[in-house]
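Fold and geometry: a report
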Amino acid sequence: MAFGPVENGVIAETLIATPKHTLPPNPGFAYSKIWLIPPRTELAIPNVWVDSMRACSPPHSCYVKGDPFDIDIHYRAWIAKHPSALNIFDQIVEVAKGKQIVMFLDYDGTLSPIVKDPERAIMSEAMRTAVRKLAACFPTAIISGRNREKVFDFVGLSELYYAGSHGMDIMGPAQGSNGIKASGVKSYDGKGNEVVLFQPAKDFESTINKDWDVLADEVRAVVQFFPTLCLTEGRKVLEVRPSISWDKGKALEYLLNALGLEGRPDVFPVYIGDDRTDEDAFKVLNKQNHGLGILVSTAVKETNAQSSLRDPSEVLEFLQRLVCWQQNHT
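Here's what I pulled together on the structure shown here. (Residues numbered from 1 in each chain as written. Predicted model: local features only at pLDDT ≥ 70, side-chain atom pairs only at ≥ 80, totals over all residues. Heavy atoms only, no water.)

1. Considerations on helix H10 (residues 279–288)
This is how the line gets drawn: We call a residue buried when its accessible area falls under 20% of the maximum for its residue type, exposed when it is over 50%, and partly exposed in between, using a 1.4 Å probe and counting protein chains only. Numbering of helices and strands runs from the N terminus, with a helix taken as a DSSP run of H or I at least four residues long and a strand as a DSSP run of E at least two residues long. We call two residues in contact whenever any of their non-hydrogen atoms come within 4.5 Å of each other.
Among the residues of H10, those classed as buried are Glu 279, Ala 281, Phe 282, Val 284 and Leu 285. Elements in contact with the buried residues of H10: helix H9 (248–258), strand E9 (267–273) and strand E10 (292–296). Positioned one or two residues after H10, Asn 289 has a phi angle of 60°, which is positive.

Spelled out as structure tokens, the structure:
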């Protein structure tokens, strides 16, 4: 599990089950016993710690269609496997204590609600304030499938790192929170602030811009004639992308490396996202065996994330609590 191996400093204390951890009665549903977390020396593998947190996470309401009883059973099983990050918040920060937390956030469906018109996916002022405070506490990046400039226009915070086009176009402050400096090509943004850039698909820009109107109208028919491009499908969108091995997981790895934080046991990356493309980042955290992936979803989904939040309002609460915790422990 991506919460990190025991030898990397995972702190596991005995968890006492309280009424708020108890699942409400539901006829016909067989409950598992609440697992108690043994002392650190008794932990054979980190999965025990994670499983015990999952067992203590109460279920949320389910918003999928079908027989209410079957849905309830199915959702309870899913939420036990992917517990709410709000319900296990104390356990999360206990593991992160003493480590450098690094925050990675998707935009649509995570910081802003999903709307019919993508141009109206505006984040709330409360969310913007929370993200601004978050970036003051931890290195913070937004990794989105959108164009980087568009995401920046929506968010409007120069202290963040922005990875647009699934990480193919990355820009961030030359020096972020806690004095952490990023490596990359030095440049300046529209306001004259020094920034660093990383654009692995820069050489493909002229190809992507070629015959764009034709590609937009007959994308599937035309893309086959461009061997250096590939077609991928996202949420109600067709994307023409360079045929290179690059995704949100690669962007996460690059940003950690650029910040000098990759592969360090004293670093705790947190990635929050709601889309299929965010699974690449969740997989990276699992492969590295440290950090936390949080899926934003009200429905049962196959995911590589360890935890969950239901919607942007819960994301906001989680970020606010994380900032408050950091400020109280500084």
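2. Here we look at the pairing of strand E4 (residues 169–173)
Operational definition: In this scheme, strands are said to pair when DSSP sees at least two bridges between them.
Counting buried residues in E4 gives five out of five residues, a clear majority hidden from the surface. As paired strands, strand E3 (residues 161–164) and E4 are joined by three bridges and run antiparallel to one another. Across the sheet, the residue bridging to Tyr 162 is Met 171, located in E4.

3. Some words on the nonpolar core
Note the cut-off: Definition used in this section: a nonpolar core is a set of buried Ala, Val, Leu, Ile, Met, Phe, Trp, Tyr and Cys residues joined via side-chain atoms within 4.5 Å.
Core analysis: the largest hydrophobic core is formed by 43 residues, its most contacted members being Met 103, Leu 111, Ile 272, Phe 318, Leu 319 and Leu 322. Taken together, the elements giving at least two residues each to this core come down to helix H3 (89–96), strand E1 (100–105), helix H4 (125–137), helix H5 (148–155), E9, E10 and helix H11 (312–328). The element that contributes the greatest number of residues to this core is H11, accounting for seven residues. For Leu 111, the residues in contact, after removing those within four places along its chain, are Leu 105, Asp 106, Met 123, Met 127, Val 131, Ile 142, Pro 312, Val 315 and Leu 319. One finds Val 102, Ala 141, Ala 163 and Ile 170 within the second-largest nonpolar core, a separate group that totals 27 residues.

4. Here we look at the packing of aromatic side chains
Here is the rule: Only centres within 6.5 Å qualify two rings of Phe, Tyr or Trp (six-membered ring in Trp) as a pair; their planes then separate them into stacked at under 30 degrees, edge-to-face at over 60, and tilted for everything else. Whether a charge sits over a ring depends on NZ of Lys or CZ of Arg being within 6 Å of the ring centre and within 35 degrees of the ring normal.
Within the structure shown, the criterion is met by five aromatic pairs. Judged by centre distance (5.7 Å) and plane angle (80°), the ring pair of Phe 89 and Phe 318 falls under edge-to-face. You can see Phe 89 sitting in helix H3 and its partner Phe 318 sitting in helix H11, a full 229 residues away along the chain. Note on Phe 89: relative accessible area 4%, which makes it buried. Phe 318 sits in the buried class, given a relative accessible area of 1%. Taking the centre distance of 5.2 Å and the plane angle of 75° together, the rings of Phe 152 and Tyr 162 count as edge-to-face. One end of the pair, Phe 152, is in helix H5; the other, Tyr 162, is in strand E3, and ten residues separate them in sequence. Positioned over the ring face of Phe 154 is Lys 150, at 5.0 Å from the centre of the ring.

5. What to know about unusual backbone geometry
Of note in this structure, Asn 289 is not a glycine but carries a positive phi near 60°. Assignment of secondary structure puts Asn 289 in the loop between H10 and E10. You can call Asn 289 partly exposed: its relative accessible area is 24%.

6. Re the environment of Arg 146
Our working definition: Each polar contact in these results corresponds to two N or O atoms within 3.5 Å; when the atoms are within protein, one needs to be able to donate a hydrogen and the other to accept it, and residues that are neighboring in sequence are counted only if both atoms are side-chain atoms.
Here Arg 146 lies in the loop between strand E2 (140–143) and H5. On a C-alpha basis, the gap between Arg 146 and Ser 165 in space is 5.3 Å, while along the polypeptide they are 19 residues apart. Those residues within four positions of Arg 146 in sequence are excluded, and the remaining contacts are Tyr 107, Asp 108, Pro 118, Ala 121, Val 151, Phe 154, Gly 164 and Ser 165. Of the polar contacts made by the side chain of Arg 146, one reaches the side chain of Asp 108; its length is 2.6 Å. From its side chain, Arg 146 meets the backbone oxygen of Pro 118 in a polar contact 2.7 Å long.

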